[in-house]
Amino acid sequence: MDSGHNAKMSDSSSVESPRKPLLARVEDLNLHFDTKYGAVQALDGISFDVFEQETVALVGETGCGKSVTARSFLQLVETPPGRYPAGEIRFKSERECDSCGGAGCAECYDSGRAFDDLLAMSSGEMQGIRGDRIAMVFQDPQQALNPSLTVENQVAESVLVNHHEEILEEAGIAPGKVDDLTSRLLDAYASPSRKWYNRVIAEAPLLRSKKKRIDALVHERVVDILRRTQIANPEEVSRKYPHELSGGMQQRVMISMALVAEPDLLIADEPTTALDVTIQSRIIELMSDLQEEFNTSFLYITHDLSLVEDIADRVIVMYAGAIAEVSEVEQLYDNPLHPYTWGLFNSIPTADTVGGRLQGIDGSIPDLTNPPEGCRFCTRCPEVLDHCPDVDPGLVEVEEGHQVACHLYPADGSEPSKVAAIETDND
Amino acid sequence: MTSSTQSLEQTLASEDPRDAKTGNVLLQAHGLQRYYPITGGPFKRHIGDVQAVDGVDLRIERGKTLGLVGESGCGKSTLGRLLIGLDQPTAGSIYFDLPEDAAAEVADLEATPAEERTDDEERRLTELRSQYEINSLSGKARKQFRRNAQFVFQNPTASLNPRKLIRDAISRPLELHTDVPQDQLDDRIVELLEQVGLGGDFLYRYPHMLSGGQKQRVAVARAIATNPDFIVLDEPTSALDVSVQAQILNLLDDLQDELGLTYLCISHDLSVIRHLSDDIHVMYLGRIAEKADRTTIFSEPKHPYTEALLSSSPAIETGQSIHLEGDVPDPEDPPTGCRFHTRCHKVESFCGWNGKDLYNLLKRLEDRDEHARRVFGAIDDAEYDGFDATFTFASGADVDDVARLLDGDNSLQAHKPALFDAITDVTVRGNALDVSFEPTAVPVCESVAPGHEVACFLYDGE
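Residues numbered from 1 in each chain as written. Chains lettered and ligands numbered in written order. Predicted model: local features only at pLDDT ≥ 70, side-chain atom pairs only at ≥ 80, totals over all residues. Heavy atoms only, no water.

A. Up close: the pairing of strand β8 (residues 297-302) of chain A. Residues and elements named next belong to chain A. The buried fraction of β8 is high, at 6 of 6 residues. Burial along β8 is two-sided: Ser297, Leu299 and Ile301 and Phe298, Tyr300 and Thr302, pointing in opposite directions, are all buried. Both strand β7 (residues 265-269) and β8 contribute to a ladder of 5 bridges, which runs parallel. The residue of β8 that forms the bridge with Ala268 is Tyr300. The handedness of the β7 to β8 crossover, carried by helix α10 (residues 277-294), is right-handed. (Buried < 20%, exposed > 50% of the residue type's maximum accessible area, 1.4 Å probe, protein only. Helix = DSSP H or I, 4+ residues; strand = E, 2+ residues; numbered from the N terminus. Pairing = 2+ DSSP bridges. Right-handed = clockwise from strand over helix to strand, strands pointing away.)

Below, the structure is given as structure tokens:
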């Protein structure tokens, strides 16, 4: 994978990083939900990139569209009522690029691999992506885990989906031999979609020894993946039901399920919101360790800006279905540009605000069935200009790797006098 | 209209309970304990207790905010419910609205163990209790207390009845606890809604038509409807976004100034606690670990648990990173001695180790340390009696060898030297091994500086 050619990339709608090859590109993503009061415009022209082995944080308030953006990667948004009027999520596939045959061209962003649109995939193709290429960890592990199955049974399902062939091979059954009845029955037993009768048949005297071997291999893998998420006593934990585990432990189980197939992209939707701070810090440390170990990219969704500093490489601040600011994490903390980002920072109680007032952001998110024509933040913005409600600002690159969608930073580079005053005020 | 507003103001002024009150100490609790019984077997026999709150003393002055912080399951919400009379303590007493001298007298009397009190003292205490202790109050005084103490719950969606209008939600406490006449009820409700930053147009809305922040404002309006002195805020902002959280925190601040409210703020979020509170109590597993004012807690935390809590909060810069091992222990069977010793990074041999800790350590290290694997694999049965434990080994296991492992220096001991230092005696009896640990009392809150108390053995005698 040669990343040296990235500078030549002609497409300029998103940030270009000279360091890492592109993994996914979201282009002009629009998502509407049809309701009886009209279409809720949940996403309005979202474009961003995810590079390999980096952590991107999506930050914003409830209802800003960060979760539906992430869910769109896996076609988890129900359509209808959801509808994509425009947009693509291009994700790097394992095939060679059709137009250049692996040499690298503009079509495949010089990677030599085809980029497929995740939104256009059939459900069968999508099933090949889920878990294997892109995995997801949800907010509330209590709800995401099945309460009636033991941890082993749930993790085993991911193991069977992703290591089906390997397990059969190790158990001494050639997966290709479909004409052999024993192999076929055992193949059905080791398949993730096995039925109750597959299990009964596998108990037959001739099959039982091989079935036990398969069980042992699956168990070995389950325990191994649990151990990698630093669960002490994986053997014991694997026999437990979710309700017997603490919240932090449940989230570790979720993470291990997501990592079974060593996905290229792991989407974490507020994975620590339901947890205590002490547990949260351990889960976050665990996730960054695993990122190094598995070379995975992270798309990390959170509403907590104070958390972002510890985990993310780049931050995308979203507001009401549109991107407000895209930035490297240090730049965002040193020099936040968008008034909404200032509001988010000012909302966090710190040592300086003690006893005083928090600035916060006045008002609440606009009605998305009829959002403002221009900048969606204009209804709450402290620095609103005359043309803000009517003209869409669009993302403008202000410094390298730092884009903002705000009329305070005009695209032609002319600087309104107001900006300087605000920046000093903000510091 | 003006005349009606005036008469309303008069009604409110005359019934304002604060006029009659002079007490400086709004709330004082002694030896609070709440055990939830666990029953089992066919006859629902009492087989144990969940020790949700165990021996908590606290004192809240009028107009101040006390912050209660701790991990989930540490008993902070239970404590909040006890203080407001939503739950009865199994032991201990809560005094509400005490004059300064009575407060000192109560503190004195409560400090004496019950069996050492003279008859006179006992009589005086009963008298004080019937006057101020919330669970001993008589009917009318108890109703007065109910009006004076209110609660704001964590989840506004769950605490507002979805089938009742906002007007009904707020009018109920007004009807029950105040003498606002029926025809002025709406005026008063609008006034309350305006006080929390909403307005009259919210009267005839249902909770689902409101955003989370607006719902929490309604919950606050309902709590201040009866002109209370004391409000318990149980995680008031944890269900809200940061920007909305900021609005609610500002509102709570304003109301405190305006109405002279006293808050007990319960939260697991240290930055919220720091913003709202004057004094902070850190709780761990049913006990208070550290009490201090806000600046002291954040600048010079003494208890190792407070240090760990501060370091793991991303919003607070501490410059150190402490990771707590393992999970919060089961409150049904809390650790002996200091309850935090199983996870403490500064733990010493005198912190209260026992056989169960040894067993858990072996279990945890089973697949990382060969000694642990050997010992743990051979254990057949374990019995604990306070600081003594008896491990029975499978026949054929070399018990002497295990005894030597517990005694000498080896890789097993390196994992938790303090635990092995605490072992005072190891005796081999056939297949069984008796292990004794250093007996330790329970750490109590001791003053390390004026207004700063820590329940930790490391600060004993300072």
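Still more to cover.
B. Geometry of the packing of aromatic side chains. If you walk through the whole model with that rule in mind, you get 14 aromatic pairs over all chains. Ring geometry for Tyr284 of chain B versus Tyr305 of chain B: centroids 4.6 Å apart, planes at 55°, classification tilted. Of this pair, Tyr284 of chain B sits in strand β8 (residues 279-284) while Tyr305 of chain B sits in helix α13 (residues 304-312), and the two are 21 residues apart along the sequence. Of the residues examined, Tyr305 of chain B reaches a relative accessible area of 0% and is grouped as buried. Members of the aromatic cluster, connected to one another through ring pairs, are Tyr319, Tyr340 and Phe377 of chain A. Sitting above the plane of the Tyr189 of chain A ring, Arg194 of chain A keeps its charged end 4.6 Å from the centroid. Taking NZ or CZ as reference, Arg205 of chain B lies 4.3 Å from the ring centre of Phe202 of chain B, over its face. (Phe/Tyr/Trp six-rings, centres within 6.5 Å; stacked < 30°, edge-to-face > 60°. Lys NZ or Arg CZ within 6 Å of the ring centre and 35° of its normal.)

C. Structural context of the interface of chain B and chain A. On the side of chain A, 39 residues touch chain B, which itself brings 35 residues to the contact. Across the contact surface, chain B and chain A share 2 salt bridges. Taken together, the links from chain B to chain A amount to 6 residue pairs in polar contact (both at pLDDT 80 or more). The set of elements that each furnish at least two residues to the side of chain B that touches chain A consists of α10 (242-259), α11 (270-276), α13 and α14 (355-365) of chain B. Considered class by class, the residues forming the side of chain B that touches chain A number 9 nonpolar, 12 polar and 14 charged. (Contact = heavy atoms within 4.5 Å. Salt bridge = Lys/Arg side-chain N within 4 Å of Asp/Glu carboxyl O. Polar contact = N/O pair within 3.5 Å; in protein donor to acceptor, adjacent residues only side chain to side chain. Nonpolar A, V, L, I, M, F, W, Y, C, P; charged D, E, K, R; others polar.)

D. Seen up close, the packing of helix α3 (residues 100-111) of chain B against helix α4 (residues 119-132) of chain B. Residue and element names in this part refer to chain B. Here α3 crosses α4 at 130°, and the two axes come no closer than 10 Å. Looking at the two axes, α3 sits oblique to α4. The interaxial crossing formed by α3 with α4 has left-handed handedness. For the pair α3 and α4, the contacting residues are Ala102, Glu105, Val106, Leu109 and Glu110 in the first and Glu121, Arg124, Leu125, Leu128, Arg129 and Tyr132 in the second. Considering only residue class, the contact of α3 with α4 consists of 6 nonpolar, no polar and 5 charged. (Axes fitted to C-alpha atoms, helices over the stretch in contact; angles between N-to-C directions. Parallel < 35°, antiparallel > 145°, perpendicular 65-115°, else oblique. Left-handed = near helix turned anticlockwise from the far one by under 90°.)

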